[in-house]
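# Architecture and fold: a report
Read off the chains here:
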Amino acid sequence: MCAQESNVPAVTPIDRSTLLDLYRRMVVIRRTEEQLAKSHQQGLIHGACHTYVGEEAIATGVCAHLRPDDAVFSTHRGHGHALAKGVAPRELIAELFGRATGCSRGRGGSMHLFAPEIGLMGTSGIVGPCILQATGAGYSFKLLKTDRVGVAFFGDGAVNNGAFHEGLNLAAIYRLPVIFVCENNQYATEIAFKDAAGNPNVGERGAAYGLSGLVLDGNDVLAVHQAAGAAIARARAGGGPTLIECRTYRTRAHAEGMRDTGYRSPEEVEQWKAKDPIARYRTHLTESGAVRGEELEAVEAEVQSLVAEAEVFARNSPWPAGATACDHVYYEPTVSQAVAH
Ligand SMILES: Cc1ncc(C[n+]2csc(CCOP(=O)(O)OP(=O)(O)O)c2C)c(N)n1
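Residues numbered from 1 in each chain as written. Predicted model: local features only at pLDDT ≥ 70, side-chain atom pairs only at ≥ 80, totals over all residues. Heavy atoms only, no water.

### Some remarks on helix α9 (residues 221–236)
What sets the pattern is the α-helix's 3.6 residues per turn: residues three or four places apart point alike. In plain terms, the rule: Where helices and strands are cited, they refer to DSSP runs of H or I of at least four residues and of E of at least two residues respectively, numbered from the N terminus. One fewer than the residue count of a helix, multiplied by 1.5 Å, yields its expected span. Relative accessibility under 20% of the residue-type maximum defines a buried residue, over 50% an exposed one, and the middle range a partly exposed one, all with a 1.4 Å probe and only protein chains included.
With 16 residues, α9 should cover 22 Å at 1.5 Å per step; its first-to-last C-alpha distance of 22 Å lies within 8% of that length. Along α9, 13 of the 16 residues are buried, which leaves the element largely enclosed by surrounding structure. Positive phi appears at glycine 238, one or two residues downstream of α9, with a value of about 90°.

Below you can see the structure in the form of C-alpha cells.
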C-alpha cells in the first residue's frame, strides 16, 4: 500500500455477486492473455502482442463502474481494457489473428481495438494521445449535458509526454468528467520510471494541475474498485476529473517474443509475481469467507472453456475479403444522416 492511499474513501461493503464478477473479469483477461501468448509463439498473430498479465486488477476495478455509453481510450497494452469494457474473448482473439470476425474486422490487430457500440473508442500504438482523446470525450459529454465519463488508461511512459500536461490542464480548467488512469508498471519498455522522472510520484502531479490525484496499490482490485467508483461517481455528478496512479508490474516481457533480461532482475520479477493480483484476491475471498473455493474453481473452469472455444472460433474465422479492404476504415453515415448534413 502506498502512502497517498489515505486519500481513498473508506471501503464500503461489496455484494457477493460483484465480488465474484470482479474475480471472473480478471480471470477472463489472464486466460485470454495466456492463450494469446501461446498463439503468438505459434505464428497465428501477425504483429506485436503486448500482454496485460499482472495488471488485470486495474482495468477490472475501473471498468466495473462504466456503462456502454462511457468512453474508454487506451494504449498498445489494451487487451485487458477491451475485455473489461465488454469485448468478447472470441472477438479479441480473432482481431489479433487478423480475421473478419475480430472487433476491428481484422483491420486493427493487437494495438488498434475498437468497439464503439460498447464505448471502447480505441486502443493506440502511439504513447500519449489517449489522454487527449479522453479529455475530448469528457468535453463533449459536458457540452451535451450528459453524465457520461471519458477514461484514459496509459502507462508511466506517457506521463512525461506533452499530452499528459495538456489533457490534465484542460480537464481541470473545465472540470471535465474524465478519469486519468496511470498504470505505473515501473518500466517503459526497458527504461525504469525512476530514471525517467524528476518526480516519480504520478498521483502527486494531480495537485499541480488543480485536480484530485491518488496513488493506489494497482494489484489490489478492491482498492482500485473503491477509488475508481468514487472518482467516476464524482465525475458523473459534475465534480470534475481525477488522476489515479495504480502501481503495478508486468510480469511478462514488454511484448511477446522480446528479450526480458538486462534491464530488470529475475528477483524483482519474482517479488512482483508473489503480489499477483488474482492469487491475492482469491486468498482474500476464501480466507474472509466471502466466497467458497469451489465457487472460484467453477469460475476458472467456465472461463477456461470460454477462452478455448474463443481460440477455435478465431482460428476457423475467415480472413477479410480483399474487396472489402476499404470498408470499416472511415466513418460511413447512413442515408438519413447524410441527408441531414
Ligand atoms: C509517441 C511514442 N513514442 C514512443 C513509442 C515507442 N514505444 C512503444 S511502447 C513504449 C513504452 C511505453 O511504456 P508505458 O507507457 O509505460 O506503457 P507499458 O508498455 O509499460 O505498459 C514506447 C516508448 C511510441 N509507441 N509512441
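### Points about the pairing of strand β4 (residues 178–184)
The side chains of a regular strand alternate between the sheet's two faces. Put simply, the test is: At least two bridges found by DSSP between two strands are what make those strands a pair.
Counting buried positions over the seven residues of β4 gives seven, a clear majority of the element. Bridge count for strand β3 (residues 150–155) against β4 is six bridges, and the pairing is parallel. Opposite alanine 152, over in β4, you have phenylalanine 180 as the bridge partner. Direction of pairing for β4 relative to strand β8 (residues 242–247): parallel, over a ladder of six bridges. The residue of β8 that forms the bridge with isoleucine 179 is threonine 242.

### A short note on a nonpolar patch on the surface
To keep it simple, the criterion reads: Each patch groups residues whose relative accessible area exceeds 30% and which form no salt bridge, using 9 Å between like charges and 5 Å between nonpolar side chains of Val, Leu, Ile, Met, Phe, Trp and Tyr. Each accessible area is a Shrake-Rupley result for a 1.4 Å probe, and residues are judged covered by the shown protein chains and nothing else. We count a salt bridge whenever a side-chain nitrogen from Lys or Arg sits within 4 Å of a carboxyl oxygen from Asp or Glu.
A cluster of nonpolar side chains, Tyr139, Leu143, Leu170, Ile173 and Tyr174, forms an exposed patch at the surface whose accessible area comes to about 490 Å². Mapped by element, the contributors of at least two residues to the nonpolar patch are α5 (129–143) and α6 (162–173). Relative to the helices and strands, leucine 143 is located in helix α5. With relative accessibility at 57%, the residue leucine 143 sits in the exposed group.

### Some remarks on unusual backbone geometry
Even without glycine at this site, lysine 145 takes up a positive phi of about 55°. Tracing the backbone shows lysine 145 in the loop between α5 and β3. Residue class for lysine 145 comes out exposed when judged on its relative accessible area of 76%. Notably, glutamine 186 is not glycine yet its phi reads approximately 80°, a positive angle. Summarising the element assignment, glutamine 186 is placed in the loop between β4 and β5 (187–188).

### Some details on the environment of glutamate 55
Basically, it comes down to this: The contact definition used throughout considers only heavy atoms, calling two residues in contact when any of these lie within 4.5 Å.
Secondary-structure assignment places glutamate 55 in the loop between α1 (16–41) and α2 (56–63). The class of glutamate 55 is buried, set by a relative accessible area of 1%. Sequence spacing of glutamate 55 and arginine 250 is 195 residues, and the spatial spacing of their C-alpha atoms is 6.4 Å. Ignoring anything within four residues of it in the chain, the contact list for glutamate 55 reads Arg77, Glu183, Asn185, Thr248, Tyr249 and Arg250.

### Overview of the confidence of the model for the chain
As a reminder of what qualifies: Within a predicted model, pLDDT stands for the predictor's per-residue confidence, ranging from 0 to 100.
Chain-level statistics for the chain give a pLDDT mean of 94 and a share of 94% at 70 or above. Between residues 1–9, whose pLDDT stays under 50, and residues either more than four places distant or in other chains, the model counts 19 contacts.

### Quick look at the packing of aromatic side chains
Put simply, the rule is: When the centres of two rings from Phe, Tyr and Trp lie within 6.5 Å, Trp using its six-membered ring, the rings pair. Their planes under 30 degrees apart give stacked, over 60 give edge-to-face, and anything left gives tilted.
Tallied over the entire structure, the rule returns seven aromatic pairs. With a centroid separation of 6.0 Å and an interplanar angle of 70°, the aromatic rings of phenylalanine 154 and phenylalanine 164 are classed as edge-to-face. A residue pair is termed long-range when its members are at least 10 positions apart, and phenylalanine 154 in strand β3 and phenylalanine 164 in helix α6 qualify at ten residues. Each member of the pair phenylalanine 154 and phenylalanine 164 is classed as buried. Centre to centre, the rings of tyrosine 187 and tyrosine 249 are 6.3 Å apart; their planes meet at 80°, and the pair counts as edge-to-face.

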